[in-house]
Amino acid sequence: MTIKVRLSGEPDEIEELVAHLCEGFEVAGGDRAYPNRGSLGVRVYLEVRPRGDQPPKRRVPGERVNPSHEEIEP
């Protein structure tokens, strides 16, 4: 399973986050930063996947939440 990720922010903060991700995941990319259009900072594209030496985690079913239809107590 590979997940594609786009990070946007300050270059030093992105570099710190990528280093942290590398501790628990195989990370490809992140070696090139692109200036954000219309805002400050940069963006970086990564491909992240679990390390091969870690057992697969059990999948947990997701639940859709629609914030515009919150339950209102009487």
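Preceding this section is the structure that the text describes.
Just so it is clear, the model here is predicted, and its values are computed rather than measured.

## A closer look at the nonpolar core
Piece 1. Within the largest apolar cluster, eight residues are counted, these being L7, I14, V18, L21, V42, V44, L46 and V48.
Piece 2. Contributing elements (two or more residues each) for this core: α1 (11–24) and β4 (42–50).
Piece 3. Counting residues per element, this core draws most heavily on β4, which supplies four residues.
Piece 4. The contact partners of V48, leaving out residues within four places of it in the chain, are M1, T2, I3, V5, F25 and E26.

## A short note on the packing of aromatic side chains
Piece 1. In total, this model carries one aromatic pair according to the counting rule given.
Piece 2. Pairing Y34 with Y45 gives two aromatic rings, centres 5.9 Å apart and planes at 65°, and the pair type is edge-to-face. On the criterion of sequence distance, the pair formed by Y34 in strand β3 (residues 34–35) and Y45 in strand β4 is long-range, its members being eleven residues apart.
Piece 3. A residue is classified by how much of its surface remains accessible, and Y34, at 29% relative accessible area, is partly exposed.

## Considering a negative patch on the surface
Piece 1. Taken together, the side chains of E10, D12, E13, E15 and E16 make up a negatively charged region of the molecular surface.
Piece 2. Topologically, E13 is positioned in helix α1.

## Topic: α1
Piece 1. Taking 1.5 Å per residue as the helical rise, α1 with its 14 residues ought to reach 20 Å, and the 21 Å between its terminal C-alpha atoms agrees with that figure.
Piece 2. Close packing links the buried residues of α1 with β1 (3–9), β2 (25–29) and β4.

## Some details on the pattern of salt bridges
Oppositely charged side chains are able to pair whenever their charged atoms sit close together.
Piece 1. A full pass over the atoms with the stated rule returns two salt bridges.
Piece 2. For K4, the salt bridge is made with E47, and the minimal N-O distance between the two is 3.9 Å. Taken together, the positions of K4 in strand β1 and E47 in strand β4 put the pair 43 residues apart, joining distant regions of the chain.
Piece 3. Judged by relative accessible area, which is 68%, K4 ranks as exposed.
Piece 4. In this structure E47 comes out as partly exposed when scored by relative accessible area, which is 35%.

## What to know about the side chain of R43
Piece 1. The topology assignment puts R43 in strand β4.
Piece 2. An unpaired buried charge is present at R43: no salt bridge exists, and E10, the closest side chain of opposite charge, is 13 Å distant.
Piece 3. Of the polar contacts made by the side chain of R43, one reaches the backbone oxygen of P35; its length is 2.6 Å.
Piece 4. With residues near it in sequence (within four places) discarded, R43 still touches R6, L7, S8, R32, A33, Y34, P35, N36 and R37.

What counts, and where the lines are drawn
- Residues numbered from 1 in each chain as written.
- Predicted model: local features only at pLDDT ≥ 70, side-chain atom pairs only at ≥ 80, totals over all residues.
- Heavy atoms only, no water.
- Core = buried A, V, L, I, M, F, W, Y, C linked by side-chain atoms within 4.5 Å.
- Buried < 20%, exposed > 50% of the residue type's maximum accessible area, 1.4 Å probe, protein only.
- Helix = DSSP H or I, 4+ residues; strand = E, 2+ residues; numbered from the N terminus.
- Contact = heavy atoms within 4.5 Å.
- Phe/Tyr/Trp six-rings, centres within 6.5 Å; stacked < 30°, edge-to-face > 60°.
- Patch = residues over 30% accessible without salt bridge, like charges linked within 9 Å, V, L, I, M, F, W, Y side chains within 5 Å.
- Areas by Shrake-Rupley, 256 points an atom, 1.4 Å probe, with all protein chains shown as cover.
- Salt bridge = Lys/Arg side-chain N within 4 Å of Asp/Glu carboxyl O.
- Lys, Arg positive; Asp, Glu negative; His and termini not counted.
- Charge placed at Lys NZ, Arg CZ, Asp CG, Glu CD.
- Expected span 1.5 Å × (residues − 1).
- Polar contact = N/O pair within 3.5 Å; in protein donor to acceptor, adjacent residues only side chain to side chain.

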